[in-house]
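# Observations on the three-dimensional arrangement
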Amino acid sequence: MENAKKRIFSGIKPTGDLTLGSYLGAIKNWVGFQDEYECLYCIVDLHAITIRNDPETLRRRAREQLAQYITAGLDPKKSVIYLQSHVSAHAELGWILGCYSMIGELNRMTQYKEMQKKQANNLNSGIFTYPVLMAADILLFDTELVPVGEDQKQHVELARNIAVRFNGVYGDVFKLPEPFVPKVGARIKSLTDPTAKMSKSDDDPQGSVYIMDSPDAIMKKFKRAKTDSLGVVRFDPENQPGIANLMTIYSAVTGRSYDEIEREFDGKGYGVFKPAVAEVVTDVLRPIREGAEHYLSDGADELERIYREGAERARDLSEPVLNRVRRVIGFVER
Ligand code: TRP
């Protein structure tokens, strides 16, 4: 029977601890897709090794990220939640697709060009073929929609182009994926530099609120958040980028509009507004953090069961697609 629900695939790489930005900008949206779509949510640890990681840190982050996915509301009963390195099909299709990707088009990837500039004398070829592996992640599951931020749209378009090229040679093998940039995805900025994205790999940990931060740490970070000398809580990203960012956070967490927030804090200074933001953020992150702490200690067996089952389901879903690919290319049947 043809599946009526469209399929979604997305992933985050465990190269840094997940932040409030990861939650409000990505994971919270993913949670909402679970009933309407058939979703695969991956911890893309193969993508993480284009940079050197301490092995213990990589392992900790991958497990912690998985735990956070679940306690943030990704439901292993509804969605396929797993670690990329547990499903070899990603690497296999990645190799195959590399033979249908042009050096020229990979050279044109914005993210690669930035890396070329940033670390000219330390460019491993994984950094170059990164988008090919991402194309494999997506095409491996007949994915139709790929929720990503603006910065990853180009990679999803590349995946589509590779699929079109491959289909041009062999017929309708791959579904054509589309980037899915949700309208309401909150774009959270750094607390210390409100012109830059809040990033899990920021060198300055004061700029990011991490999901695992203690209430104390969260309060301190918000109290120190960069604002301005105007002293009014008003949504004006141009002139008050710091306050606009705090309002975006407050709005994303409470569901209140900017108008409502302006009224709520009318005549009150930043000394009132900042701790108020810290408080609602603490309330929303607390259950995610505490739940994750459980999965990393007493609940470790359960976490293991979840990721094993997820990988098994991902393998099952990938098999027919990979078999199609093997057959049309001309590999001898196993
Ligand atoms: N490249 C994405 C990022 O840096 C992570 C990623 C890897 C991904 N594979 C993916 C996202 C497949 C969506 C679909 O954010």
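To be clear, the structure that these remarks concern was listed above.
The structure contained in this document is the topic of the report that follows. (Residues numbered from 1 in each chain as written. Predicted model: local features only at pLDDT ≥ 70, side-chain atom pairs only at ≥ 80, totals over all residues. Heavy atoms only, no water.)

## A look at unusual backbone geometry
- For D142, which is not glycine, the phi dihedral falls at a positive 55°.
- Residue placement: D142 occurs in the loop between α7 (125-139) and β4 (145-147). (Helix = DSSP H or I, 4+ residues; strand = E, 2+ residues; numbered from the N terminus.)

## Notes on the pattern of salt bridges
- Throughout the structure, instances matching the rule amount to 19 salt bridges.
- Between E150 and K153 there is a salt bridge; the shortest N-O distance is 3.7 Å.
- Classification of E150 by relative accessible area gives partly exposed; the value is 47%.
- A salt bridge links K197 to D151; the shortest N-O distance between them is 3.8 Å. Of this pair, K197 sits in the loop between β5 (178-180) and α9 (215-223) while D151 sits in the loop between β4 and α8 (153-170), and the two are 46 residues apart along the sequence.
- By relative accessible area, which is 55% here, K197 ends up exposed.
- The exposure class of D151 is partly exposed, given its relative accessible area of 46%. (Salt bridge = Lys/Arg side-chain N within 4 Å of Asp/Glu carboxyl O. Buried < 20%, exposed > 50% of the residue type's maximum accessible area, 1.4 Å probe, protein only.)

## Re the site of the ligand
- Every one of the 13 residues lining the ligand counts as a neighbour, but K13, Y130, M134, D137 and Q152 are closest to it.
- In the environment of the ligand, an oxygen atom lies 2.9 Å from a nitrogen or oxygen atom belonging to the side chain of K13.
- Between the ligand and Q152 there is a distance of 2.9 Å, counted from a nitrogen atom to a side-chain nitrogen or oxygen.
- Breaking the shell around the ligand down by element, the ones donating at least two residues are β1 (7-12) and α7.
- Top element by residues in the shell around the ligand is α7. It accounts for 4 residues. (Near = heavy atom within 4 Å. Polar contact = N/O pair within 3.5 Å; in protein donor to acceptor, adjacent residues only side chain to side chain.)

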